[in-house]
Amino acid sequence: MPDPAIRTGSGAELPQVGFGVWQVPDDEVAAAVQTAIESGYRLVDTAQGYANERGTGAGIHRAGVDRSDLFVTTKLDAGTFGYDDIRRAFDASLEQLGLDHVDAYLIHWPRPAIGRTVETWEALRRIRDDGQIRAIGVCNFEPHHLREIVDATGEAPELNQIELHPWLPQNHLRAEHARLGIVTQAWSPLASGALLDHPVVVGIAAAIGAEPAQVILAWHRARGDAFVVKSVTPARIRSNLAAGDIRLSDDQLAALDGLACGRRTGPHPDEF
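Below: a short report on this structure. Only a predicted model underlies this, so the values are computations on that prediction, with no experimental measurement involved.

Another point: the pattern of salt bridges. All chains considered together, the criterion is met by 17 salt bridges. Put simply, Arg-67 and Asp-103 hold a salt bridge, and the shortest N to O gap is 2.9 Å. You can see Arg-67 sitting in the loop between helix H2 (53–63) and strand S5 (71–76) and its partner Asp-103 sitting in strand S6 (residues 102–107), a full 36 residues away along the chain. In terms of burial, Arg-67 and Asp-103 fall into one category: buried. Taking the shortest distance from any N to any O, the salt bridge between Arg-125 and Glu-155 comes out at 2.6 Å. One end of the pair, Arg-125, is in helix H4 (residues 117–129); the other, Glu-155, is in the loop between helix H5 (143–153) and strand S8 (159–163), with 30 residues separating them in the sequence. On the basis of relative accessibility, which here comes to 24%, the residue Arg-125 falls in the partly exposed class. Its relative accessible area of 17% is what places Glu-155 among the buried residues. Residues joined by salt bridges that share partners form a network here, namely Arg-125, Arg-128, Asp-129 and Glu-155.

Shown next as structure tokens:
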């Protein structure tokens, strides 16, 4: 089935499912990205901090899909501050990707201990206004981080990419997103694979003839959240996308909701 799109505040259409490349080496990522795009993914998510933007861009170009049909996201490294340095970092990302614009540019972490979040957000707004970014957003921002930049600038991010999965459903943060008009996008939607052996997930998968990963991704789709999923195995890349054909019953969704326990697979944003 066609991947549904979620419209951001600027009108950019964000595919609900994206292909992520965290921890994929630069010399391996091109093949994975090419396979993903050829399989039907239309959102590719990378970051300056992943050190694989060049390979990601190579995979995008090799796939041969019209650029206007793709949504490409990259992220500003958490340790880059000041407009001039951020502008140089953004230009370097474009050069690595071999693109003249990106569809979304995100602040990778809030880094509250450093205290330059508002300055960084204002730099992204200026670069966006220059016309080389369609949507600007953040990653790993908690409600108080969001309030800080909204109170200072009057503009909320269009997107917040956060750790989100059945163990960590982030309902309070999602409610804040809804209030501010922010799209929720999940990273680690499978809890880094830790949920794939959970008895609830395995039981649902057996009952409907699906793979455990597909069950969890169908849960994300049913909630209406965007998500970014990663694999380097062609069969897994395709099967993750095929989760769009799966519909879970209300009881099955409730069983997955019942796994919520607040467990994270990554650091808490206030401690990174």
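Having seen the structure, we can now continue with the description.
Right, let's get into the nonpolar core. Nonpolar side chains in soluble globular proteins generally cluster together in the buried interior. Within the largest apolar cluster, 69 residues are counted, with the highest numbers of intra-cluster contacts made by Phe-19, Val-33, Tyr-41, Tyr-105, Leu-124, Leu-248 and Leu-256. Ranked by the residues each element gives to this core, the list is headed by helix H8 (residues 212–223), at six residues. Apart from the residues lying within four places of it in its own chain, the contact partners of Val-33 are Phe-19, Val-21, Val-44, Thr-56, Gly-59 and Ile-60. Judged by nonpolar contacts, the second largest core, of twelve residues, contains Ile-6, Ala-12, Leu-43 and Phe-71.

This part is about the packing of H4 against H5. The geometry of H4 relative to H5 is characterised by a closest axis approach of 10 Å and an angle of 60° between their N-to-C directions. On the basis of the axis angle, H4 is oblique to H5. With respect to the hand of their crossing, H4 and H5 are arranged in right-handed fashion. Of the residues in H5, those touching H4 at Thr-117, Val-118, Trp-121, Glu-122 and Arg-125 are Glu-148, Ile-149, Ala-152 and Thr-153. Its residues assigned to classes, the contact of H4 with H5 comprises four nonpolar, two polar and three charged.

Moving on, we get to the layout of surface pockets. In this model, the largest pocket occupies a volume close to 610 Å³. Lining the largest pocket are 26 residues, and of these Trp-22, Tyr-50, Trp-187, Ser-188 and Ser-192 sit closest to its centre. The residue inventory of the lining of the largest pocket, partitioned by class, reads 13 nonpolar, ten polar and three charged. In this model, the second largest pocket occupies a volume close to 190 Å³. Partitioning the lining of the second largest pocket into residue classes produces four nonpolar, one polar and five charged.

Around the barrel, which closes on itself, the eight strands sit in the order S3-S4-S5-S6-S7-S8-S9-S10 with parallel pairing between neighbours. The average angle at which neighbouring strand axes cross in this sheet is 30°, direction not considered. As defined by bridge partners, strand S3 (residues 17–20) adjoins strand S10 (residues 226–229) across three bridges and the pair is classed as parallel. Across the sheet, Val-17 pairs through a bridge with Phe-227, a residue of S10. Contacting S5, S6 and strand S7 (133–139), helix H3 (residues 83–97) runs over the sheet at an angle of about 135° to S6.

Reading the values: the criteria
- Residues numbered from 1 in each chain as written.
- Predicted model: local features only at pLDDT ≥ 70, side-chain atom pairs only at ≥ 80, totals over all residues.
- Heavy atoms only, no water.
- Salt bridge = Lys/Arg side-chain N within 4 Å of Asp/Glu carboxyl O.
- Helix = DSSP H or I, 4+ residues; strand = E, 2+ residues; numbered from the N terminus.
- Buried < 20%, exposed > 50% of the residue type's maximum accessible area, 1.4 Å probe, protein only.
- Core = buried A, V, L, I, M, F, W, Y, C linked by side-chain atoms within 4.5 Å.
- Contact = heavy atoms within 4.5 Å.
- Axes fitted to C-alpha atoms, helices over the stretch in contact; angles between N-to-C directions.
- Parallel < 35°, antiparallel > 145°, perpendicular 65-115°, else oblique.
- Left-handed = near helix turned anticlockwise from the far one by under 90°.
- Nonpolar A, V, L, I, M, F, W, Y, C, P; charged D, E, K, R; others polar.
- 1 Å grid on protein atoms, 1.4 Å probe; cavity = no way out; pocket = protein on both sides within 12 Å on 5 of 7 lines; lining within 4 Å.
- Points joined across faces, edges and corners; volume = space filled by probe spheres on them.
- Pairing = 2+ DSSP bridges.

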